[in-house]
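Architecture and fold: a report
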Amino acid sequence: MWQRLRRASFWLGMYTAMVMAFIIYLPILLLIVFSFNDSKIMSLPWNGFTLRWYRIAFSREDLLHALFNSLWVAAVVTAVSLVLGIMAANGMAKYRYRGRSLFTGYIAIPVVMPWLLLGISLLLFFNVIKVPLSLFTVILSHISFDVPLVAVIVAARLHQFDPTLEEAARDLGAGPIETFRLVTLPIIAPAIVAAGIFAFSWSFDAFVVTHFVIGSQVTFPIWVWSALRYPKNLPVINAVSSIIVVVEILIVYLGERLRRGEGGGVLRSND
Amino acid sequence: MTIREGLQHGKENGLAVEHLVKRFGPLVAVDDVSFSVAPGEFFSLLGPSGSGKTTTLRIIGGLTVPDEGEVYLGGERITYWPPEKRDVNIVFQNYALFPHLTVFENVAFGPRRRGWPERKIREEVTRFLKMVHLEGYEGKYPRQLSGGEKQRVALIRALIMHPKVLLLDEPLGALDLKIRQELQLELIRIQEEVGITFIYVTHDQGEALTMADRIAVMNRGKILQIGDPKTIYEQPVNRFVAHFIGNTNFFEGQVVKVEGGMALVDVPGLAQIWGVPVGEVRAGLPASVSVRPEKMYISRHPPKGGSFNVLQGIVEDMIYTGVSTEFIVRLPTGQQVRVFAQNISKDAEIWKITWDEKVWVYWRPDRSLVFVE
């Protein structure tokens, strides 16, 4: 019985791993492999190893400008979303009051809203209130979906947070702000780091919403979209995308290590 | 000392609470609670769960703001002070140790907020760890500790602040019986050593009787009785206290007459029983008579002479514990009574008593109490 069960779960695991490998990791691997292929078309045969596409990528002003815009927007969006999202999470998880579940739904719904709807409604909104489209409107739009994202992730952690820890800190002489800094923050830090990573990558990746509200400016996904019209750009896009994939994997890995290192290491408060 | 004088005394020197009221929606969790605690006293708030004892403790600690009433400490009115300003510390029921800090940093948390110099912090933390036999635990994290060890850390984390009053919220509630008994003794020793006032919340009447100098029995948000363990046990003010503290046999009936400081109660189908009236006992009122198992005699023969309340029954069970034997006797009404007999000598008459035997159970009238409610 156990034998058979174990064998079944082994095959289920193998199957899952294969499917994941085939539909997610294989395409990414191909992307990276072809970024080193010395050919203008992305297909076999293999024409030899080159770093040419990387050189070109780093010399294209328009690409660098778009990349810089994306990083800058994502950084601002992440910072603002973390502050607002953590505050919202406190309201969702910590206090009991009438209409709490209503508030939770109100905060969480944008996370599951279709991008297209969000983009169209934001475009209409900026038109109505006569705000010219720019990176500023992009930032506002990204905040609108990143705040709920942060709030949901942090609230999940706060739900498990034992409120008597804060009471103990207060009882031992810490004021409300000190209590948050020395007790609450270090304990929910893993969730905040995770939320920050997600918020950053959602903003960095956002194409649909950005497309509606960006006006004449360019972010990286917008640049990729317009560059794809010219097949000669394809290897350069491959090269840049490969860098981004590697950087994102690194960030997630670091985030995971931070999360695991809970209690010791980097996040320990020492004062 | 009258209650008023006591409150005045507590206001000036120790701790006093006056007319505390706290409502949670329609529920009155704390209902007009007043008491005072002298410096150095071991005071226990005892009651079943939901009796308001923890809420009272939280009000003293500043974690809950009362709707009415005042809290005084060392002559100052501290009712609305935030917890970090009060010279009062709490040992939480679930320990509430900071999971991301080591044992050392947990204990040093309070001193650091006070800005003690590093050297003094190191010395004091070491001293307190030693006091509870946790030398060498400085670098451990709470998740690496056993329940008893966590409890000790929580205790000294609060004690190191040298508060005027230490509040303990069922601190031993989550521990096994053996560790609990060990820590009870340790707590008493530490309390005597540091001389800090303890307010100890518990639902375990045995714990309160063993440890406390004085006990306040609470139920449904009210204090029913305040007194030393002996008074609470021997002279309960009502049926609830008599029932909650220790073991008691109750007989339900109706007051026949009150005469010469004693009341006679008719228990239908059983007997007429004499007892000391407690409160407003008048003829005709429904009443319960209480008598503790260790105040009764059991014999195979009726008592000779003397004035006793006497009942007859059949031995249903005997529980031998070494120190004493507990007899369960079934009365003609079907009610069971428990009688303790001390094991003074193995040749005593009572050792001849056996199962299903007809016995007499009797006690002096002044050993039973009559409550009307």
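None of these values were measured; they are calculated from a predicted model. (Residues numbered from 1 in each chain as written. Chains lettered and ligands numbered in written order. Predicted model: local features only at pLDDT ≥ 70, side-chain atom pairs only at ≥ 80, totals over all residues.)

**Observations regarding the overall build of chain B**
- Counting its regular elements, chain B contains nine helices and 20 strands.
- C-alpha atoms of chain B, sized along the principal axes, occupy 75 × 45 × 35 Å.
- A burial count over chain B gives 41% of its 373 residues as buried.
- For chain B, restricting intrachain contacts to residue pairs at least 6 apart in sequence, the fraction spanning at least 24 positions comes to 65%. (Helix = DSSP H or I, 4+ residues; strand = E, 2+ residues; numbered from the N terminus. Buried ≥ 20, exposed ≤ 12 C-beta atoms within 10 Å, placed from the backbone. Contact = placed C-beta atoms within 7 Å.)

**Looking at the overall build of chain A**
- Within chain A, the secondary structure is distributed over eleven helices and zero strands.
- Put simply, chain A runs from its N terminus to its C terminus through helices and strands in the order α-α-α-α-α-α-α-α-α-α-α.
- For the C-alpha atoms alone, the extent of chain A along its principal axes is close to 70 × 65 × 40 Å.
- Classification of the 271 residues of chain A by burial places 31% in the buried group.
- Sequence-distant contacts in chain A: of pairs separated by 6 or more residues, those separated by 24 or more amount to 79%.

**A word on the environment of Phe198(A)**
Residues and elements named next belong to chain A.
- Following the sequence through the fold, Phe198 ends up in helix α8 (residues 176–205).
- We classify Phe198 as partly exposed; it has 19 C-beta atoms within 10 Å.
- Sequence separation between Phe198 and Leu63 is 135 residues, and the spatial gap between their C-alpha atoms is 23 Å.
- Phe198 has contacts with Leu149 and Ile153, leaving out every residue within four places of it along the chain.

**Notes on the sheet that holds strand β13 (residues 271–278) of chain B**
Residues and elements named next belong to chain B.
- A barrel is described by the order of its strands in space; here five strands give the closed sequence β11-β12-β13-β20-β14, paired in mixed fashion. Here the strands of the sheet are splayed against their neighbours by 55° on average, with no regard to which way each runs.
- In this structure, strand β11 (residues 249–259) lies alongside strand β12 (residues 262–267), joined through five bridges in antiparallel fashion. By the bridge assignment, Val255 is partnered in β12 with Val265. (Pairing = 2+ DSSP bridges. Axes fitted to C-alpha atoms, helices over the stretch in contact; angles between N-to-C directions.)

**Let's talk about the domain arrangement of chain B**
- Domain boundaries assigned for chain B yield domain 1 (3–240) and domain 2 (247–372).
- Measuring from the centre of the C-alpha atoms in domain 1 of chain B to the corresponding centre in domain 2 of chain B gives 39 Å. (Domains from an automatic or database assignment.)

**Description of the interface of chain A and chain B**
- With 17 residues of chain A in contact, the opposing surface of chain B contributes 19 residues.
- Of all the elements, helix α7 (residues 163–171) of chain A adds the most residues to the side of chain A that touches chain B, at six residues.
- Here the residues of the side of chain A that touches chain B sort into seven nonpolar, four polar and six charged. (Nonpolar A, V, L, I, M, F, W, Y, C, P; charged D, E, K, R; others polar.)

**So, the packing of helix α6 (residues 135–160) of chain A against α8(A)**
Residue and element names in this part refer to chain A.
- The contact between α6 and α8 brings their axes to 9 Å, and the two run at 155°. By the criterion of interaxial angle, the relationship of α6 to α8 is roughly antiparallel. In the packing of α6 onto α8, the handedness of the crossing is right-handed. Only Ile188, Ala191, Ile192, Ala194, Ala195, Phe198, Ala199, Trp202 and Ser203 of α8 make contact with α6, whose side of the interface consists of His142, Phe145, Asp146, Leu149, Val150, Ile153, Val154, Arg157 and Leu158. (Parallel < 35°, antiparallel > 145°, perpendicular 65-115°, else oblique. Left-handed = near helix turned anticlockwise from the far one by under 90°.)

**A word on the sheet that holds strand β17 (residues 324–330) of chain B**
All names here are of chain B.
- One open sheet holds the five strands; their spatial order is β15-β19-β16-β17-β18, and the pairing between them is antiparallel. Single-partner strands in this sheet number two, and they are β15 (297–299) and β18 (336–342). Recorded for the sheet is a direction-independent mean angle of 45° between the axes of neighbouring strands.

**A closer look at the confidence of the model for chain A**
- Put simply, chain A has an average pLDDT of 82, and 92% of its residues get 70 or more.
- For the stretch residues 262–271 of chain A, pLDDT sits under 50, and the model shows 14 contacts to residues farther than four places along the chain or on other chains. (pLDDT = per-residue confidence, 0-100.)

**A look at α8(A)**
- A rise of 1.5 Å per residue sets the reference length of α8(A), with its 30 residues, at 44 Å; its end C-alpha atoms lie only 37 Å apart and thus fall more than 12% short of the reference.
- Where α8(A) bends most, at Ala189(A), the angle is about 55°, and the proline Pro190(A) comes one to four residues later. (Expected span 1.5 Å × (residues − 1). Bend = angle between axes of the 7 residues up to and from the residue.)

**Quick word on the pairing of strand β10 (residues 222–227) of chain B**
- Strand direction decides the pairing type here: strand β9 (residues 214–219) of chain B and β10(B), joined by five bridges, are antiparallel. Residue pairing in the sheet places Asn219(B) in a bridge with Lys222(B) of β10(B).

**Quick look at the pairing of strand β7 (residues 165–169) of chain B**
All names here are of chain B.
- Most of β7 is tucked away, with five of its five residues classed as buried.
- On β7, burial covers both faces: Val165, Leu167 and Asp169 on one face and Leu166 and Leu168 on the other are all buried.
- Looking at chain direction, strand β6 (residues 88–91) and β7 are connected through four bridges and run parallel. Bridge pairing in β7 places Asn89 opposite Leu166.
- Relative to strand β8 (residues 197–202), β7 runs parallel, the two being bridged by five bridges. Paired with Leu166 across the strands is Phe198, a residue of β8.
- For the handedness criterion, the β-α-β arrangement of β7, helix α6 (residues 177–194) and β8 is classed as right-handed. (Right-handed = clockwise from strand over helix to strand, strands pointing away.)

**Concerning unusual backbone geometry**
- Positive phi outside glycine occurs at Lys130(A), with the angle close to 60°.
- If you trace the backbone, Lys130(A) turns up in the loop between α5 (115–128) and α6.
- Phi angles above zero are rare outside glycine, and Tyr95(B) is one such case at about 75°.
- Within the secondary structure, Tyr95(B) sits in the loop between β6 and α3 (103–114).
- Residue class for Tyr95(B) comes out buried when judged on the 24 C-beta atoms lying within 10 Å of it.

**Side note on the confidence of the model for chain B**
- Of all residues in chain B, 96% attain a pLDDT of 70 or more, and the chain-wide mean is 91.
- Of the two predicted TM-score estimates for the complex, the pTM is 0.78 and the ipTM is 0.84.

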